[in-house]
Structures are given as C-alpha cells and as structure tokens.
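# A closer look at the structure
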Amino acid sequence: MALYKVICAATLLTLLTQESHSQLDVCGRPPLNTKIVGGQEASAGSWPWLVDLRFSEVHLCGGSLINNQWVLTSAQCCSSEGVGPDNLTVVLGLQNQQGSGSSQVSQTVTQIIVNPNHISGSFDNDICLVKLSSPVNFTNYIQPVCLAAQGSTFYNGTDSWLSGWGDTATNVSSNSPGNLTELELLILGNRQCNCSFGRGLLTSNMICAGLNAGGQVSCQGDLGGPLVSKQGGRWIQEGIVTLGNDCTGPNFPALFARVSQYQSWINSQITSNQPGFLTFMSNGTDSDLSFTCPVPPPTTTAPPVVCGQAPLNSRILGGSSVATAGVWPSMASLRNNGSHVCGGTLVALDFVLSDANCFSSSPIASEWTVVLGRLNQNGSNPFEVTLKVTNITLSNFTGSNVAVLRLATRPTLSNHIQPICLDNGQTFTVGSTCWAAGWSAGQGGVLQEVQTSVVNCGNASTSDSICTSSFTLAQGDAGGPMMCKLGGSWFQAAVLSVQNNSTSQTRADPVMVFTKLSRFQTFLAQILGTFLSPASTSSSTAATTTPTTSGGAPAHSPIFFFHLLIFSVCLHVFS
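Residues numbered from 1 in each chain as written. Predicted model: local features only at pLDDT ≥ 70, side-chain atom pairs only at ≥ 80, totals over all residues. Heavy atoms only, no water.

This paragraph deals with the overall build of the protein. Of regular secondary structure, the protein possesses seven helices and 31 strands. Partitioning the contacts of the protein with sequence separation of at least 6, the portion at a separation of at least 24 is 70%. On the protein, roughly 25,600 Å² of surface is accessible, and the fraction owed to carbon and sulfur atoms is 54%. (Helix = DSSP H or I, 4+ residues; strand = E, 2+ residues; numbered from the N terminus. Contact = heavy atoms within 4.5 Å. Areas by Shrake-Rupley, 256 points an atom, 1.4 Å probe, with all protein chains shown as cover.)

This is the structure:
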C-alpha cells in the first residue's frame, strides 16, 4: 500500500508541475514563421494558432488555439450579448477574412467557459475557454501556441508580438482589406503602465505592452487575440488582448490578461490533452520595481469665461461724454467694406450682437468685419483686433429685431475686450442707472457714452419693454447697447435702434422705449447655446450646465477620457 501511495504522489507532483508536457512537443513552433523585427502584413502561416471567432458568421474577436480542441480568448467576447455555442464559429488557418483558402478550417462550438471571477464591464480576469465541436488536425497553418506558466517573468522591454485582423497601427495597413496584420511591441511593467492608465487600474492579473518612448504604440488589434514572445525557439503566449489603444499617442499602451495567472484554472477545465505551459524567464533585473510615475509639471487652469466684466470702468455719475479706452470692453464697431456702419456688443467668445436694421441693405457676411477694443475710429488703437464675419443671422419678430454675427476667430480677452451679459429675464428697476454707448456721427469718431436711467413706461409698458429717460441717438449708434449694472456685472438690457434710418433721433417725450433683450432669449439661445454667466454666479452655473460655443469646451476628468477609450474598443469589436 505504501508503494502505491508513493506512485500516486509522484504522479500528482508531475501533473501539478509548472510546465505541462502534453502539448510541449508541438506548441509554439510555427514552421512558416521566421519573424525577427518590424510591423507589417503577416505572411501566411506566421501565427498558426491565431483563430477568428465569428458571431453569426460575422467577425467578433481573435483567439488562440492551445491544443487540438480548445481556444483561448477574452471573456468580453464570450459574454457579449447573444453569444452562445449555437451561433459562434471558429475559423482556423485563416489569412484573409474576405477570402478562403485550402489551409482554412471552420469549426462549430460545443462549450464556452468564462472565468468565474470575471465581472461584466471589468478588465480583470478577462479570460475565456471555447471548445471546438471536434479536434482539428495540425498543419503548417494550424498549430497550438505554448502558454506562459505560473511564475513567468516579463520585464520591461521584453520583445512581443500582437497579431489580428483589426488595425495594428495608424500607418500600417494591409494590402487588401481583412488581411492578417502584426505589430512588434515591448512589455511594460505594471507600475509604469499604471502611470499611463491611472494608478490602481491594473491588477496582477494584467500585463501591458506598447512603445513608451518614440515610434508607434500598440493599437487595438483584435479583442481576445494573443500577445506572444519567443524563448528558446518557442513562441509563448503571455497575454490576451483586453483593452487596446487607437494609436493616438505614446503614453497609452495596450492592456492584456496575464495568461500565467490562469494555469491552474485552465488545467482544471481541460483535464485531458492539456495545453503546453512553459516558464518564460526574463534576463537581468526588473526595472519596473524601482519605477515611479513622473510628477507632471504644475498646470494653471484657465479661469472660466464670464461676462459683464469691465476692469477699467469705474462709472458712477455723469452725463454725455467721451469714453476712455477700455471703459466699455464689450463694444464692437461693425464695418462694411471698411467703413463704420453700426455698433454692436461681444456677447460670447465668437458672437457679436447688433441691430437687424444695420443689414437691410447688405446682409452678405463676407462684406463685414468687426473691430473689438477700439476707442477712436480715426486714431490709433493699440488694443484693438479686427475679425472677419462668417455668418449673419437675423431674428424675425414683429417690430424690432436683432442680428447675431458669428466671428471667424475668437478674440483674446483682455481688459479692453470682454463679453457683456445678456438679459435673460433680469429685472431693471425704475430708477436704475444705465448707459448707452456708440460712435455717434459728427463726434470726431471717438466712442461716446451717455448716462440715463430706467423710468416707468406708462401707457407703453409691456413685458417686452424697457424705458429710459430721453437722450439723443445718432445713426452710428444703432446696434450698440443699453447697459445696466447688476450685482457687479454689466448686463445688456436692449439693443439701440434708430427708427426710420434717420441720421439723428431726439424725442421730446421724456420716455424712450426699447425692446428688452429677453424677448429674443429663445432666438439667441438657439444660436449662442448657453449664455455666459457673470462672475458672481459662474461657479454655480458651471457646476450644473455644460458650456457650448459661448462658453468654450468643458474640462473633462481623466475618467471621461478613459470612458471615451472604452467606447472606442467596443466600436472595434462589433465593427
């Protein structure tokens, strides 16, 4: 009995040893592979273990043949919606997805085994076994790959190869669509890889590969496909594609399931004719053990774009007078074929607001330019910028109307160039001090300003009206703003309009009636998107709204780019 125990113990030790010998006489020895360096279209037979998993006859994923009846692939492929043994086929010996050849063999599937520790949507434990309906015969084009045994080491810089029918590099394309492609990569240690993906993403069940400095990085390839390295004349699979990159930059390597972590699980599922496991040992020392993520240089976050700021404006009291530089930084001079026609206001980074009547005779955008930061139409203006107009949109209401001009480029904001806030329902109480400004004709071309106040409209009162005490409007003032200060920020209450194209307009009636900008709120929102917010409320607004063209692009967290990256992978899988 003691002898039997010794025999049994020896047998068990043999079965549990790090290297499985059942496939070692054939695995990882492709007769037609003489690969040394370079990424290119793979020649027929270069990667004879590579298989094509097809869902309802459409390419789904890559995989690797590990004995004559089992395929290794990604759990993401096996757990995709609707995938099952009845609609999954495996094509072996395939070179071109759009053709067929004598080396090609198609097999149905009888069993799919997803690693029980894999959680849907996760990259951890991303491994699956697929059983073919019958054993396949090995040929020059159909061969199993060896698998990395538990305890294998893959140090930084270990040479490896990725192959599949997806894109493998931005500048590496097949001679014909659907051809098998390949790319040579370098292993990256998990510490270094974590610096790219974000600390804490990688587990010991994962391995990375790419080119961290210079050259082409790893790309999408095929989900489920193998990452292999050569040792002692044998090709050993160390990884399964679980997350690839779109060839967008050197700091995002591809992510793989680490095969060596699953030797016990694979052997527990494949109890006969087990795959050939070999221990891959890297030479030298592992530089990843001493690697620390570089500290990024401090960045200054640009402050949010706000409206209604006028740093050089200290207006409190006064009447009609000549403005000084920077007092009204939202003012714009609208010029047709080089001559000032109307005033306007910068209301977003790339939009100017004015009066629709200014464009009754010339609505063609290419004939107009906008000058910002200008004080004197005839003199020197060191702070000004001239911008082209790409589009003019007019409102179409009964009565007064406004015009919105889209600028070809966005100006750089400064003390002399700032957008004004728009009335989107503000209350301008009777007695409030407001200002109008414009380049009135006959005033030497210098920007003029006039102080007025909000008064009761009397019989002219409507929800769309705002009334002020009387002042003189000249033709060059049209399109300019009626501005009132609320909460420390300047709001435009109305657009100045000169009726009947008269050269000058002074009313004997002490009340002047203007159409409030809130009447055009829906029209303006359709063009501008979200209105800019004043400084006093910008922080709360930014937290609840997404700025559009008027406020610039929102700043996204690293989690967003990471989610955008996951979405790109899914597109490749089902494409």
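Phi is positive for Asn 125, which is not a glycine, with a value near 55°. Taking the relative accessible area as the measure of exposure, Asn 125 reaches 11% and is therefore buried. Although it is not a glycine, Asn 337 sits at a positive phi angle of roughly 50°. Structurally, the position occupied by Asn 337 is in the loop between strand E17 (331-336) and strand E18 (339-348). For Asn 337, a relative accessible area of 59% translates into the label exposed. (Buried < 20%, exposed > 50% of the residue type's maximum accessible area, 1.4 Å probe, protein only.)

Attention now goes to the sheet that holds E17. Overall, antiparallel pairing links the six strands, which are arranged E17-E18-E19-E22-E21-E20 in a closed barrel. Taken over all neighbouring pairs, the strand axes of this sheet differ in orientation by 40° on average, direction set aside. Sheet topology places E17 next to strand E20 (residues 368-372); five bridges connect them, and they run antiparallel. Within the sheet, the bridge partner assigned to Ala 332 lies in E20 and is Leu 372. In the packing of helix H5 (residues 521-528) onto the sheet, contacts are made with E18, strand E19 (351-355), strand E21 (385-394) and strand E22 (402-407), and the angle to E22 comes to roughly 10°. (Pairing = 2+ DSSP bridges. Axes fitted to C-alpha atoms, helices over the stretch in contact; angles between N-to-C directions.)

This next bit is on the state of the cysteines. Applying the stated rule across the entire model yields nine disulfides. With a sulfur-sulfur separation of 2.0 Å, Cys 61 is cross-linked through a disulfide to Cys 77. Judged by the torsion about the S-S bond (-95°), the Cys 61/Cys 77 disulfide is left-handed. Here the residue Cys 61 occupies a position in strand E3 (residues 58-65), and Cys 77 occupies one in helix H2 (residues 75-78), the gap between them amounting to 16 residues. An identical accessibility class is assigned to Cys 61 and Cys 77; each is buried. Two residues share a disulfide in this structure: Cys 195 and Cys 293, whose sulfurs sit 1.9 Å from each other. Since a negative S-S torsion denotes a left-handed disulfide, the Cys 195-Cys 293 link at about -95° is left-handed. (Disulfide = S-S within 2.5 Å.)

If you look at the biggest cluster of nonpolar residues, it comprises 47 residues, and the most contacted ones within it are Leu 65, Ile 66, Leu 72, Val 90, Val 130 and Ile 266. Leaving out residues up to four positions away in the same chain, Leu 65 has contacts with Trp 49, Val 51, Trp 70, Val 71, Leu 92, Leu 132, Val 136, Phe 138, Ile 142, Gln 143, Pro 144 and Val 145. Core analysis: the second largest hydrophobic core is formed by 39 residues, Val 352, Val 370, Ile 417 and Leu 496 among them. (Core = buried A, V, L, I, M, F, W, Y, C linked by side-chain atoms within 4.5 Å.)

What follows concerns H5. Turning to H5, its buried residues number three or more, namely Phe 523, Leu 524 and Leu 528. Here the buried residues of H5 occupy an arc of 110° about the axis, which is enough to place them on one side. Residues of H5 that are exposed and point more than 90 degrees away from the buried face comprise Thr 522 and Gln 526. In this fold, the buried residues of H5 make contact with E18, E19, E21, E22 and strand E23 (421-422). At the exit of H5 stands Gly 529, carrying a positive phi of roughly 80°. (Arc of directions from axis to C-beta.)

Let us look at the packing of aromatic side chains. Using the criterion set out here, one finds nine aromatic pairs in the structure. Taken together, a centroid distance of 4.5 Å and an interplanar angle of 15° make the contact between Phe 154 and Phe 280 stacked. Placement of the pair is Phe 154 in the loop between strand E8 (146-148) and strand E9 (159-164) and Phe 280 in the loop between strand E15 (277-278) and strand E16 (321-322), with a sequence separation of 126 residues. In this pair, the class of Phe 154 matches that of Phe 280, namely buried. (Phe/Tyr/Trp six-rings, centres within 6.5 Å; stacked < 30°, edge-to-face > 60°.)

Reading around the circumference, E2-E3-E4-E7-E6-E5 is the order of the six strands in this closed barrel, with antiparallel pairing throughout. On average, each strand axis in the sheet is inclined to that of its neighbour by 40°, with strand direction left out of account. Here E3 pairs with strand E4 (residues 70-73) via two bridges, running antiparallel. The residue of E4 that forms the bridge with Leu 65 is Val 71.

Counting buried residues in strand E24 (residues 433-438) gives five out of six residues, a clear majority hidden from the surface. Here six bridges tie E24 to strand E25 (residues 448-455), and the two strands are oriented antiparallel to one another. What sits directly across from Gly 438, in E25, is Gln 448. Here E24 pairs with strand E28 (residues 481-486) via three bridges, running antiparallel. What sits directly across from Trp 435, in E28, is Met 483.

Let us now look at the pattern of salt bridges. Taken as a whole, this structure holds six salt bridges when the rule is applied. A salt bridge links Arg 374 to Glu 384; the nearest nitrogen and oxygen atoms lie 2.8 Å apart. Linking Arg 374 in the loop between E20 and E21 with Glu 384 in the loop between E20 and E21, this pair joins segments that are ten residues apart in sequence. Since its relative accessible area comes to 14%, Arg 374 is described here as buried. Overall, the relative accessible area of 27% leaves Glu 384 in the partly exposed class. Here Asp 464 ties to Arg 519 by a salt bridge, and the two come within 3.3 Å at their closest N and O atoms. (Salt bridge = Lys/Arg side-chain N within 4 Å of Asp/Glu carboxyl O.)

Turning to the pairing of E28, a few remarks are in order. Looking along a regular strand, one sees the side chains alternate between the two faces of the sheet. The sheet contact formed by E28 and strand E29 (residues 489-495) spans six bridges and is antiparallel. Bridge assignment links Leu 486 to a residue of E29, and that residue is Ser 489. The hairpin turn running from E28 into E29, its antiparallel successor, is two residues long, and Gly 487 in that turn takes a positive phi close to 55°.

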